[in-house]
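Descriptive analysis of the structure
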Amino acid sequence: HSGSKRWMCHVGNALAKNDETRDKPTDSVFRSQERFERSFSGRCFYINAGWWVYELCFDKWVRQYHTEQSVVQSNFFLGLGSKAFWNDH
């Protein structure tokens, strides 16, 4: 919606430091990104914060939800990645 903000996350030293390549990722950035993707692809991480559970599924989504007796009562997607599928949750 109109109030949404876009965020970009970087792993490691994302940009070269000299002026000529300041806005161009370095080779080491691409290698770091590949290692990161291999390590976390297909994995989800959960944080139980009392009433809410936060779920981060790499390249799928970040969501916040509440369950009662193992049934999801409230569900909010906080961000979607390129591999988000609505039939997954």
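All figures in this text were calculated on a predicted structure; none of them were measured in a lab.

This brings us to the pairing of strand 3 (residues 61-68). Two faces belong to every sheet, and in a regular strand the side chains alternate between them. Sheet topology places strand 2 (residues 52-57) next to strand 3; 5 bridges connect them, and they run antiparallel. Note that in strand 3 the partner of glutamate 55 across the bridge is arginine 63. Between the antiparallel neighbours strand 2 and strand 3 lie 3 residues, among them aspartate 59 with a positive phi of about 65 degrees. Alignment of strand 3 against strand 4 (residues 71-80), held across 8 bridges, turns out to be antiparallel. Residue pairing in the sheet places valine 62 in a bridge with glycine 79 of strand 4. Taken together, strand 3 and the strand that follows it, strand 4, pair antiparallel across an intervening segment of 2 residues, in which glutamine 69 is found at a positive phi of about 50 degrees.

Quick look at the state of the cysteines now. Considering all chains together, one arrives at 1 disulfide under this definition. Bridging cysteine 44 to cysteine 57, the disulfide has an S-S length of 2.0 Å. On the sign convention where negative is left-handed, the bridge of cysteine 44 and cysteine 57, at about 110 degrees about the S-S bond, is right-handed. On the criterion of sequence distance, the pair formed by cysteine 44 in strand 1 (residues 44-49) and cysteine 57 in strand 2 is long-range, its members being 13 residues apart. Residue cysteine 57 is classed as buried on the basis of its relative accessible area, which comes to 3%.

With that out of the way, let us pick up unusual backbone geometry. We note that glutamine 69 has phi near 50 degrees; this positive angle belongs to a residue other than glycine. Within the fold, glutamine 69 resides in the loop between strand 3 and strand 4. Despite not being glycine, serine 70 shows a phi value in the positive range, around 65 degrees. Summarising the element assignment, serine 70 is placed in the loop between strand 3 and strand 4. What makes serine 70 exposed here is its relative accessible area of 74%.

This paragraph deals with the pattern of salt bridges. Where charged atoms from two side chains of opposite charge come close, those side chains can pair. For the structure on display, the rule yields 1 salt bridge. Between arginine 63 and glutamate 55 there is a salt bridge; the shortest N-O distance is 2.4 Å. Taken as a pair, arginine 63 and glutamate 55 share a single burial class, namely buried.

Now for the side chain of glutamine 64. Note that glutamine 64 resides in strand 3. Aside from chain neighbours lying at most four places away, what touches glutamine 64 is Trp52, Val53, Tyr54, Ser74, Asn75, Phe76 and Leu78.

Conventions we followed
Residues numbered from 1 in each chain as written. Predicted model: local features only at pLDDT ≥ 70, side-chain atom pairs only at ≥ 80, totals over all residues. Heavy atoms only, no water. Pairing = 2+ DSSP bridges. Helix = DSSP H or I, 4+ residues; strand = E, 2+ residues; numbered from the N terminus. Disulfide = S-S within 2.5 Å. Buried < 20%, exposed > 50% of the residue type's maximum accessible area, 1.4 Å probe, protein only. Salt bridge = Lys/Arg side-chain N within 4 Å of Asp/Glu carboxyl O. Contact = heavy atoms within 4.5 Å.

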